[in-house]
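Structural overview
Spelled out from the first residue to the last, the chains are:
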Amino acid sequence: MPKRTDIETILLIGSGPIVIGQACEFDYSGSQAARALMDEGYRVVLVNSNPATIMTDPLMADKVYLRELTPSSIAQIARKEQPDAVLPTMGGQTGLNVAQDLKESGFWAEEGIEVIGVDIDTVQITEDRQQFRDLMDEIGLDQSRSRTAKSLLEAKEITQELGGLPVVIRPSYTLGGAGGGIVWEADTFESMVTRGLELSPAHQVLIDECLFGWKEYELELLRDPNDNVIIIASIENVTPMGVHTGDSVTVAPQQTLTDKQFQKMRDAAIKAMNSIGTFAGGCNIQFAYEPGTDRMIVIEINPRVSRSSALASKATGYPIAKVASKLAIGYTLDELPNEITGDTSACFEPSLDYVVTKIPRFNFSKFEGVDEELTTQMKAVGEVMAIGRTFNESLQKAWQSLEIGYAGLGADRPDADRSVVRERLKKPYWDNLLHVRHAFRYGASVEEVHDVTQIDPWFLHQIQALVEQENKIRETPLREMEDRFLWEAKRAGFSDEQIAYLVPEDVSDRAVRAHRTERDVTPTYQVVDTCAGEFPAETPYYYSSYETVNESAVTGREKVLILGSGPNRIGQGIEFDYSCVHGVKAAQEMGYEALMLNCNPETVSTDFDVADKLYFEPVFWERVQDVIDLEQPEGVILQLGGQTAIKLGERFEEDGVHIFGTSYSKMDLVEDRGKFTDILKRLEIPSPPYGVAHSVEEAVATSDELGYPTLIRPSYVLGGEGMRIAINRDEVAEYVDNILSIYPDNEILLDRFLEDAIEIDVDAVCDGEEVWITGIMQHIEPAGVHSGDSTAVLPPFSLSEDIQETIRQYTRDLAFELGVLGLLNVQMIVKDGTVYVIEANPRASRTVPFVAKASGIPIPAIATKVMLGETLATFRERGDLESSLTGYAIKEPVFSWDKFPEVPKELGPEMKSTGESIAFVDSLSVEEFEQPYEMKDLYLSR
Amino acid sequence: MSSPTAASDAAPATLALSDGTVVTGTAIGHRGLTGGELCFNTSMTGYQEIMTDPSYYGQLMMMTQPHIGNYGATDEDMEADAPMVAGFIVRDFTRRPSNPQADETLDTFMKRHELVGIAGVDTRALVRHIRSEGVMNAVISSAEQDPSPLVQKARDWPSMAGRELASKVWPEAPYTYCKGDGPRIAVYDFGVKQNILRSFCARGCTVRVVPGHTPLDDVLDWDPDGLFFSNGPGDPRAMPDAIARVGRALKTGRPAFGICLGHQLMSLAQGFDVYKMFVGHRGANHPVKNLDTGRVEVTTQNHGFAVDAESIAPDAARVTHVNLNDDTIEGLEFKRVPGMSLQYHPEASPGPHDSHYHFDRFLEMVAEERGLSLPEAAAEPLTVTA
């Protein structure tokens, strides 16, 4: 069937602000969908309230509405735009829920708008646990034994029927499994059930047989209007059942099922997908498998694009969201080409000749008192994906990608203590695999580790082999290492840093690198081609390994390497992906070949058709330097990738790798509090009294001198990590001790905290000749609440023109003094008519996309061109710097408190919000302003 | 299950191609020397089924999935009594599998069946090499390691083109595989996969398996309701006797069904041409479109020869299935005789089950032609092979 011609305009619903369980993977899907539908000639109207997304860029759709995702706002837009169809499957559960609300109210039918991409009549079946169970029964698929409870009493009875604890509690209709979990002990049973009943909009919970020790799998499917179903990817959770798949370490393709077992699962998946109504699009199905018995049960179906489909897309190269969109408008799979090979059909199942490992990234340190045990409720804030030819290689690359200071799966520092290892393996924790490695170092057997962790022995054997290899490296001096031995070590993913740590000599990672490059032990790059090499591929999507043939042909063009920001975390997320995508496009417009390097599967910048070449690699010095050695780019852009990329600048500068834009030494300068204050003094810019300390005693003495309250923070951190306001000596001692236990050599910065002050965020771009202030944002909450957690208003709502001019002047002075070439963000506070500068960041900030959306100016694109040599005057002459904002734009932070019920809601200098939304208002007498204004002082605690 | 240590098994092995390419790795399975046509399979599961598929007789099989051996070996996954490939090439060999139902490790299995293999080689580079240079012969040696004599051996190895190999793998004598209430199916065995027999058996047929050279009259004496021509190894063009016998069989008017080699033999018998492909199809993800329904099946494929579309006389057959990747012929329905044939493997094993319906299609044809009704119950297996 060719595409439908009875549809002209399609309404696309986004997923709104980022929360745990629903993150920027939906920017990836929404962007792909919008692009695919526009390419097919449809008029696309897009709604999303999240300003940090690529999908809400003006070019992504014919009409973009930055509006809240409520039934009334969607209805209003739909009445105005008169779409013929609505595609709600690209916006996560939020998009689906709002579409379903409007279906139930009869809106779509009334307006004659067709819901495409999902059978809206049957969505409810997948969400209502009991209906879902009935349907699976009907089609003959096995399930866990389970029943729905509407009261605590009923829950108790059901648990007794199931044979007692442990059981799993799953509230119905909640996002990311909120409120669910395994109950092991009687004393937590009642509170868990009660909370689940409260959290569920339908006030019901499912009591499930506990599948502890079962293996967990996910299949990603596509179905076309002709009922052809294909499986794009199989994903195996290394973390056994009981942990939310978003919090699990997963690999693709599945590794431990026989063909007969896997085909049984494939058959069941197709049957299940075909049972949930008539629709064309994507779908995700989760299964549990009991080792040894062949018992397999269906856990869940998501009839939409999901986090796992983003992962599956990046893992296989198959553009799931794009193809799902085309199926929704009538195409059948056999009519679409496989864009990776260009020559074969899209109607096939990708074959992988590599292994992909995904590891979630957590931010527990942000939430005091949080329970770190992993459960059925998702807690991760981001994830990394790594590709290697073997599991071990991809596992080590994934650990290098996490950016938590590891150079691989351990083997880069002394092993953890035996007792710690034993303790950490008892329950599912984020770092289980690291402790599995430690356990093997201590001589544990695979059987012992399996017995405790329930991790499939295949993975354990692999890690054990890694430890065996590690032990051999420990015994082999680098200078005596045979080339083949070294090559095999690199093939297993060992970084130069790990090897340097392991070999008996005292050598640096640079020495290992020099040693191996001399012997031609260098990486090769392989294409992610969907077909295991069977057909030639056209797509420039690469990963490194140590093989024999390099497939990445270097062109003679001038190149720019753009570094991404690695895994999402609080304080560094989708905003940087937004800047990277614009950076890539801008570099291309300036005539460069744009090379993108990143390891975050939830991004648009890692779509294979964004950059000229995509290197899916850890943002880890060795891996980046390997790409630089191969490609020899004219320079590297660091400013767009947040703190992650900038950290690598020091080595680039030492090695003479050109950095486009502000030099590394200047970017680093602002982190040195002493030097930065000297600059402020020279420029006669006021700043709060400050001091530095390297020990608890020193910190207390300095605080006494500065006066209380004191603002305490470690240097070189992001999102205000570890930042606290202390009101007395005891608190100073406690907080500083805490920081030093995590970062032993850190220089602690202490500021006198100015109470009841107004906080200001300024974004600017400087080309060396002039400074363009892109936006001044005034926070509604008082200074002391992290800027990421504050409600920011653009332009300022209560600052005099004099004060604003002072702000501008300080920004200009700082930009020139710091030699900024590109982006600059300055944080200031205003108290009693005086403007103080508290921080400057010469790089892309979290507010860049917000200001860009509010003003209608592609700020990161202009900034990138400035870094590459364009002047602001050129843009000014063309009128490109004119803001289209009338009234005010308000940036509202969004939190994920419901995922951490044990953590008290409080705000302070450490950022805790996970996302944001934007609202445009004409005056300040509206709810968007008044509500946060009234509550502005409520949560400031420390 | 034994867990051999890496150290004792780290014996070297060499893979030498006839074009002079030589790669080194680690010996797996039996120690010795073996040779054959180097081919690759992109299926991510089912290494044991692939290893024991008689169609692969005489070939060196290279798996593109990097980790092989993960779930060990079991009797259940046998497609023949023993491995049929001549040698086995993998990127990373799992010596310590994980599968409570496994009978042994893949290494033990290979040793028991004296199958020579090599691990640790860059399989992707070799796949791309074959893709651009075409299939070629090679040898694997875990004995002699000197490259030049090995390359010479690869060059001297007999070419697959023009070779009849089916007689090496068909059974010595006819036997009845299972007995049921359904149609009587005579299977001409040129190297039949067990799952084809199981598929007929599951549908209640009585299945009689005869070696590929069995005279037609002997088969007709058994009075079969349907004739089946199996898959198998080698060049179908080098099997004039078989082609003639298939031709005569088709003329009897008994419904006939051919898979893979059987499909090619039926085509040759009807006067169509068969050619050797530059690179064959071997994997479990090939899209095949059913031209009658418009539906697409994800299929298991294993063939190095194909029927030339141009050579099909319009009054002799019509194309029912095509490959969406390269438009090659995947299915035919014959017009002058009651018969159907498929280039791919509806029995899967390994691979997706999308095409199982062809067995029903054939049996419906048989039922109609012979005026039978099809049974509900599965047949009872008489010989447990494998």
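Everything quoted here is computed from the prediction, not taken from an experiment.

Scanning chain B from terminus to terminus reveals eleven helices and 20 strands. The C-alpha radius of gyration of chain B comes to 21 Å, within 12% of the 21 Å expected for a compact globule of 386 residues. Considering only C-alpha atoms, chain B reaches an extent of 65 × 45 × 40 Å along its principal axes. Residue burial in chain B is summarised as follows: out of 386 residues, 60% are buried.

It is worth spelling out the overall build of chain A at this point. In terms of helices and strands, chain A carries 32 helices and 34 strands. What you see for chain A is a C-alpha radius of gyration of 27 Å, in line with the 30 Å of a compact globule of 942 residues. Counting only C-alpha atoms and orienting by the principal axes, one finds that chain A spans roughly 75 × 75 × 65 Å. Looking at the 942 residues of chain A, the share that counts as buried comes to 61%. Put simply, 70% of the contacts in chain A that link residues at least 6 apart link residues at least 24 apart.

The next thing to look at is unusual backbone geometry. All names here are of chain A. Residue L165 is joined to P166 through a cis peptide bond whose omega torsion reads 0°. Even without a glycine there, the phi angle at D294 is positive, about 65°. Looking at the secondary structure, you find D294 in the loop between β13 (281–290) and β14 (295–302). Look at D294 and you get partly exposed, because 13 C-beta atoms sit within 10 Å.

A separate point is the nonpolar core. Counting residues in hydrophobic clusters, the biggest one holds 402 residues, and the most contacted among them are L12(A), L46(A), L221(A), I562(A), L563(A), M828(A) and M61(B). Structurally, this core is a two-domain feature, drawing no fewer than three residues from each of domain 1 (11–156) and domain 2 (166–381) of chain B. Aside from chain neighbours lying at most four places away, what touches M61(B) is C39(B), N41(B), I50(B), M51(B), Y56(B), V85(B), F88(B) and I89(B). Of all hydrophobic cores here, the second largest spans 14 residues; its members include A155(A), F189(A), V193(A) and L197(A).

This part takes up the interface of chain B and chain A. Across the boundary between the two partners, chain B contributes 42 residues, which contact 43 residues of chain A. At the level of secondary structure, the elements contributing two or more residues to the side of chain B that touches chain A comprise α4 (123–133), β15 (274–290) and β16 (296–307) of chain B. Residue composition of the side of chain B that touches chain A, by class: 15 nonpolar, 16 polar and eleven charged.

Before going further, it helps to examine the packing of helix α1 (residues 25–39) of chain A against helix α11 (residues 320–328) of chain A. All names here are of chain A. With their axes 8 Å apart at the nearest point, α1 and α11 run at an angle of 45° to one another. With respect to α11, the axis of α1 lies oblique. As for how α1 packs across α11, the hand of that crossing is right-handed. Contacts from Y28, S29, Q32, A33, A36 and L37 of α1 reach α11 at A321, K322, S325 and K326.

Moving on, we come to the domain arrangement of chain B. Residue and element names in this part refer to chain B. What the domain assignment lists for chain B is domain 1 (11–156) and domain 2 (166–381). When each unit is reduced to the centre of its C-alpha atoms, the spacing between domain 1 and domain 2 is 28 Å. The interface of domain 1 with domain 2 comprises 23 residues on the first partner and 24 residues on the second. Counting residues per element, the ones that place at least two in the side of domain 1 that touches domain 2 are β3 (33–41), α2 (47–51) and α4. Among the elements that take part in the side of domain 1 that touches domain 2, β3 stands out by supplying three residues, more than any other. When its residues are assigned to classes, the side of domain 1 that touches domain 2 shows eleven nonpolar, eight polar and four charged.

Residue and element names in this part refer to chain A. Burial analysis of strand β16 (residues 382–388) places seven of its seven residues in the buried class, the great majority of the element. Burial along β16 is two-sided: the face carrying G382, V384, A386 and G388 and the face carrying E383, M385 and I387 are both buried. Here strand β15 (residues 355–361) pairs with β16 via seven bridges, running antiparallel. Each bridged residue has a counterpart across the sheet, and for V355 the counterpart in β16 is G388.

Residues and elements named next belong to chain B. Inspection of the secondary structure assignment puts M277 in strand β15. Separated by 34 residues in sequence, M277 and S311 place their C-alpha atoms 16 Å apart. Those residues in contact with M277 that sit more than four places away from it in its chain are G304, F305 and A306.

Relative to the 16 Å expected for twelve residues at 1.5 Å per residue, helix α9 (residues 240–251) of chain B spans 17 Å between its end C-alpha atoms, a close match to the ideal helical length. Following α9(B) by one or two positions, G253(B) has its phi on the positive side, about 85°.

On to the sheet that holds strand β27 (residues 748–752) of chain A, then. All names here are of chain A. An order of β24-β27-β25-β26 is seen for the four strands of this open sheet, with the pairing classed as antiparallel. The two strands at the open ends of the sheet, each matched to only one other strand, are β24 (690–693) and β26 (724–726). Strand-to-strand twist of the sheet, defined as the mean angle between neighbouring strand axes without regard to direction, takes the value 25°. Alignment of strand β25 (residues 710–714) against β26, held across three bridges, turns out to be antiparallel. Paired with T710 across the two strands is A726, which belongs to β26. The sheet contacts of helix α27 (residues 729–742) involve β24, β25, β26 and β27, and relative to β25 the element is tilted by about 10°.

The predicted coordinates ought not to be read in detail in places where the model reports low pLDDT. Residues and elements named next belong to chain B. Residue-level pLDDT values for chain B average 94, and 97% of them are 70 or greater. Every residue in residues 1–9 is under pLDDT 50, and counting partners more than four places away or in other chains gives eleven contacts. Interface confidence in the predicted complex, given as ipTM, is 0.95; pTM for the same model is 0.94.

So, how was this worked out
Residues numbered from 1 in each chain as written. Chains lettered and ligands numbered in written order. Predicted model: local features only at pLDDT ≥ 70, side-chain atom pairs only at ≥ 80, totals over all residues. Helix = DSSP H or I, 4+ residues; strand = E, 2+ residues; numbered from the N terminus. Rg over C-alpha atoms; globule rule 2.2 N^0.38 Å. Buried ≥ 20, exposed ≤ 12 C-beta atoms within 10 Å, placed from the backbone. Contact = placed C-beta atoms within 7 Å. Core = buried A, V, L, I, M, F, W, Y, C linked by C-beta atoms within 7 Å. Domains from an automatic or database assignment. Nonpolar A, V, L, I, M, F, W, Y, C, P; charged D, E, K, R; others polar. Axes fitted to C-alpha atoms, helices over the stretch in contact; angles between N-to-C directions. Parallel < 35°, antiparallel > 145°, perpendicular 65-115°, else oblique. Left-handed = near helix turned anticlockwise from the far one by under 90°. Pairing = 2+ DSSP bridges. Expected span 1.5 Å × (residues − 1). pLDDT = per-residue confidence, 0-100.

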